[in-house]
Amino acid sequence: MNIELLRARDPEHWMKACAIRALTLDAVAGANSGHSGMPMGMADVATVLFEKHLKFDASAPGWPDRDRFILSAGHGSMLLYSLLYLTGYPEMTHEQIKSFRQLGARSAGHPEYGHAPGIETTTGPLGQGIATAVGFALAEEILRARFGAKIVDHHTYVIAGDGCLMEGVSQEAISLAGRQELSKLIVLWDDNGITIDGTVDIADRTDQIARFKASGWSVFECDGHDAAEIDAALVEAKKAKTPSLIACKTHIALGSSAQDTPKGHGALTDAQLVADTKAAYGWEYGPYEVPAEIKSQWEAIGSRGSATHAEWKSRLEGLSSAKQREFARMIAGEAPKKLSATIKALKKQYVEDMPKVATRKASEMALDAINAIMPETVGGSADLTGSNNTKTKDLGIHEPGARKGRYLHYGIREHGMAAAMNGISLHGGLRAYGGTFMVFSDYARGAMRLSSLMQQPVTYVLTHDSIGLGEDGPTHQPVEHLAMLRATPNTMVFRPADATETAEAWEIALQSQSTPSVLALSRQGLPAVRDSFKTKNLVAQGAYVLAEAEGKRQAILLATGSEVSIALKAREILQAEGIGTRVVSMPCWELFAQQDEAYRKRVLPAGPVRVGIEAASSFGWDRWLSGERGKSAKAGFVGMESFGASAPADVLYEHFGITAEAAAEKVRALLG
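These notes cover the structure that comes with them. On a predicted model such as this, the values are computed, not experimentally measured, just so you know.

Let's talk about the overall build of the chain
When its secondary structure is counted, the chain shows 27 helices and 16 strands. Relative to the globule expectation of 26 Å for 672 residues, the C-alpha radius of gyration of the chain, 28 Å, shows essentially globular dimensions. In terms of principal-axis extent, the alpha carbons of the chain reach across some 95 × 55 × 45 Å. Across the 672 residues in the chain, those meeting the buried criterion constitute 62%.

Structural notes on the pairing of strand 15 (residues 609-614)
In terms of residue burial, strand 15 counts as a mostly covered element, since six of its six residues are buried. Relative to strand 15, strand 13 (residues 553-559) is paired through five bridges, and the arrangement is parallel. Paired with Ala 555 across the strands is Val 609, a residue of strand 15. Bridge count between strand 15 and strand 16 (residues 635-639): five bridges; the pairing is parallel. Looking at strand 16, one finds that Arg 610 is bridged to Ala 635.

A short note on the packing of aromatic side chains
According to the stated counting rule, one finds 18 aromatic pairs in the structure shown. Judged by centre distance (6.1 Å) and plane angle (65 degrees), the ring pair of Tyr 81 and Phe 100 falls under edge-to-face. Within this pair, whereas Tyr 81 is found in helix 4 (residues 77-87), its partner Phe 100 is found in the loop between helix 5 (94-98) and helix 6 (128-147), the two being separated by 19 residues in sequence. As far as the burial class goes, Tyr 81 and Phe 100 line up, both buried. A centroid spacing of 5.0 Å and a plane angle of 85 degrees characterise the contact between Trp 589 and Trp 621, whose relative ring orientation is edge-to-face. Of this pair, Trp 589 sits in helix 23 (residues 589-594) while Trp 621 is found in the loop between strand 15 and helix 25 (622-625), placing the two residues 32 residues apart along the sequence. Accessibility classification places Trp 589 together with Trp 621 in one group, the buried group. Through a chain of ring-to-ring contacts, the aromatic side chains of Trp 589, Phe 592, Tyr 599, Trp 621, Trp 624 and Phe 637 assemble into a single cluster. Positioned above the aromatic ring of Tyr 281, the side-chain terminus of Arg 21 is 5.8 Å from the ring centre. Over the ring of Tyr 85 we find Lys 295; its NZ or CZ atom is 4.7 Å from the centre of that ring.

Let's talk about helix 15 (residues 338-353)
Spanning 16 residues, helix 15 covers 23 Å between terminal C-alpha atoms, matching the ideal 22 Å at 1.5 Å per step. Inspection of helix 15 places Leu 339, Thr 342, Ile 343, Leu 346, Lys 347 and Tyr 350 among the buried residues, and these make up the whole buried set. Seen along its axis, helix 15 keeps its buried residues to an arc of 140 degrees; they face one direction. Residues of helix 15 that are buried make contact with helix 16 (359-373) and helix 21 (499-511). Where helix 15 ends, the next residue or the one after it, Met 354, has phi of about 45 degrees, a positive value.

Concerning the side chain of Thr 121
Turning to its location among the elements, Thr 121 is positioned in the loop between helix 5 and helix 6. By relative accessible area, which is 5% here, Thr 121 ends up buried. Contacts of Thr 121, omitting those with residues within four sequence positions, involve Ile 70, Pro 111, Tyr 113, Thr 132, Phe 136, Leu 426 and Met 454.

Quick word on a negative patch on the surface
Taken together, the side chains of Glu 471, Asp 472, Asp 650 and Glu 654 make up a negatively charged region of the molecular surface. Locating Glu 471 in the fold gives a position in the loop between strand 9 (459-463) and helix 20 (481-487). By relative accessible area, Glu 471 is classed as partly exposed at 45%.

Examining the environment of Gly 435
For Gly 435, the location among the structural elements is in strand 8 (residues 431-437). In this structure the C-alpha to C-alpha distance between Gly 435 and Ser 522, which are 87 residues apart in sequence, comes to 13 Å. For Gly 435, the contacting residues outside a window of four places in its chain are Gly 380, Ser 381, Ala 382, Asn 388, Thr 390, Met 417 and Val 461.

A short note on helix 2 (residues 11-31)
With 21 residues, helix 2 should cover 30 Å at 1.5 Å per step; its first-to-last C-alpha distance of 30 Å lies within 8% of that length. By the criterion of burial, helix 2 is predominantly enclosed, with 17 of the 21 residues buried.

Things to note about the environment of Ile 370
By secondary structure assignment, the location of Ile 370 is in helix 16. Assessed through its relative accessible area of 0%, Ile 370 is described here as buried. For Ile 370 and Val 638, which are 268 residues apart along the polypeptide, the C-alpha to C-alpha distance reads 35 Å. Ile 370 has contacts with Leu 339, Ile 343, Thr 377, Trp 506 and Leu 510, leaving out every residue within four places of it along the chain.

What about the pattern of salt bridges?
Scanning all chains against the criterion turns up 36 salt bridges. We note a salt bridge from Arg 146 to Glu 326, for which the minimum N-O separation is 3.0 Å. Of this pair, Arg 146 sits in helix 6 while Glu 326 sits in helix 14 (residues 321-332), and the two are 180 residues apart along the sequence. Among the residues examined, Glu 326 registers a relative accessible area of 17% and is labelled buried. Residue Arg 571 pairs with Glu 550 through a salt bridge whose shortest N-O separation is 3.4 Å. Taken together, the residues Arg 571 in helix 22 (residues 564-576) and Glu 550 in the loop between strand 12 (544-547) and strand 13 connect sequence positions 21 residues apart. By relative accessible area, Arg 571 is classed as buried at 14%. Connected through salt bridges with shared partners, the residues Glu 140, Glu 141, Arg 144 and Arg 403 form a single ionic network.

Focus: the sheet that holds strand 7 (residues 407-409)
With parallel pairing, the six strands of this open sheet are ordered in space as 7-6-8-9-11-10. Each end of this open sheet is capped by a strand with a single partner; those strands are strand 7 and strand 10 (492-494). Within this sheet the neighbouring strands show an average axis-to-axis angle of 20 degrees, counted without direction. In the sheet, strand 9 pairs with strand 11 (residues 517-520) via four bridges, with the strands oriented parallel. Bridge pairing in strand 11 links Tyr 460 to Val 518. Of the strands in this sheet, strand 8, strand 9 and strand 11 are in contact with helix 19 (residues 441-453), which crosses strand 9 at around 160 degrees.

Rules behind the numbers
Residues numbered from 1 in each chain as written. Predicted model: local features only at pLDDT ≥ 70, side-chain atom pairs only at ≥ 80, totals over all residues. Heavy atoms only, no water. Helix = DSSP H or I, 4+ residues; strand = E, 2+ residues; numbered from the N terminus. Rg over C-alpha atoms; globule rule 2.2 N^0.38 Å. Buried < 20%, exposed > 50% of the residue type's maximum accessible area, 1.4 Å probe, protein only. Pairing = 2+ DSSP bridges. Phe/Tyr/Trp six-rings, centres within 6.5 Å; stacked < 30°, edge-to-face > 60°. Lys NZ or Arg CZ within 6 Å of the ring centre and 35° of its normal. Expected span 1.5 Å × (residues − 1). Arc of directions from axis to C-beta. Contact = heavy atoms within 4.5 Å. Patch = residues over 30% accessible without salt bridge, like charges linked within 9 Å, V, L, I, M, F, W, Y side chains within 5 Å. Areas by Shrake-Rupley, 256 points an atom, 1.4 Å probe, with all protein chains shown as cover. Salt bridge = Lys/Arg side-chain N within 4 Å of Asp/Glu carboxyl O. Lys, Arg positive; Asp, Glu negative; His and termini not counted. Charge placed at Lys NZ, Arg CZ, Asp CG, Glu CD. Axes fitted to C-alpha atoms, helices over the stretch in contact; angles between N-to-C directions.

Next comes the structure, spelled out in structure tokens:
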């Protein structure tokens, strides 16, 4: 690569791009860790994108109709931080660049959503950025159909590397995007041919151009160091009727002695290498120094969109007051005021009818009422619509030609679905929920973890939540999954016992602003356990006394979901024997843990023996059985100690000893 030729071809562009490269070299050297090569190689592409194409206003990072820029190759985070600093985003200061990768800095090792405006999503786990971007593009289509192109009309741009395209989730994402013809999605591929272990061809020989074309994308190619070619490719991509890939042929760690080598992927910290590279660039400035002329050029790029932003504000003000209020409420993520009344009406009806339904069906019943009053809900399923019960009559299928549809057929793509839901949520204006079998949360795990990390109120409808699903057998029967989900920070895991608890769980999930929710729902029908109407949302307390002991309280049975009715039957057995037994329903451990100690003490007082009942692993139950004033010598558990088996549900419950008699016997044994 002839650096002198690049410098001479377009000197002004070259120096703007070198500001990114120099800041990257300095920040990585200062931290003594990081990834220098990708920002150095993609600086030209990023400069052209921000200068000539990206619609944004650095002084108003939250502008709803801004273009979204997603750095899927999150290890190259200094590319993003440099761009935010140079263009004048107020919170990415010079000091933040100097504090790269330090505790408390906004400039974390990988971009983290919420650390600074302009970071649209958390990336670093490769493939997540490009997959999440599909959700951003879907959200743009849905909101444009609702509010019109004068209010919503923007692109989602992604920079992705070879690693992103190798990750399996990328195929789920690009095939979904191709099917949905998301023409506002443009991916810029950093085609440098290098990974940590060596050249790409030691592990992969995929023809990425052919792959994207086969998935329904338009594909363009350019020299990733030629500003004119990059610009021309972007112009053409924006004309396409499908999502676009631009293959940008680049040199990792451009201009350094590590160029085009695996070493160039990582941290280039050697002082002589840094000095030699800057000299090759013609960058004659000190560490972290950007001359005023170049900084002002970048700041002009950052303010270029202010006029467009002002014009957009005028158009928004031209909407009816009702439309403006609806837009503001949806963008703010606020549930409509009538949600609470809607849920209360359902609860009253359930007390009258006492329906015996699977909680997956109860979820559908709740969604029927919810989706009618919340235009922001966007549902879907990973090819299990009829089993997850996630589609209601008024949603309409979302597809090209029917952009107002709010139901997505994600196909057999659990990971891609979860990532897309993160993107829908991060975009703003919509509430995403999607369904699959609980056991397949394994496939979605990477994106589900990011929902929690990014504090996104996505709702995961996970049905077939235990051996109660029956004949499909142990491959489909979750045992360890509740423990795994409950172990994830900032996740609410709801396992409702009946239709009333399910409706209350949905109310909480849809009011959440910063925590994702998991609804663990049964395949099998469950009897109603709440037989009196309560205005208060009892699930919001996490656990509550469902049935009180008669006489002296000697035992407390704690249960969730389908096992609550088993606990009630066990109570009948024990009460008949003169053993006073309280039943506690625990639909959400996380919310119960948040209650004050006085309430937790009322629900779980010291003294009685405690038995937990759940058709799952006992992992985590010690907290409630032996902790919270309990004692291990007075605690027992009825549940699963192995994988399940293939048989009808009632046979399996008997076979694995998850019965009312087994629970009663456990109490008797503990009482001695």
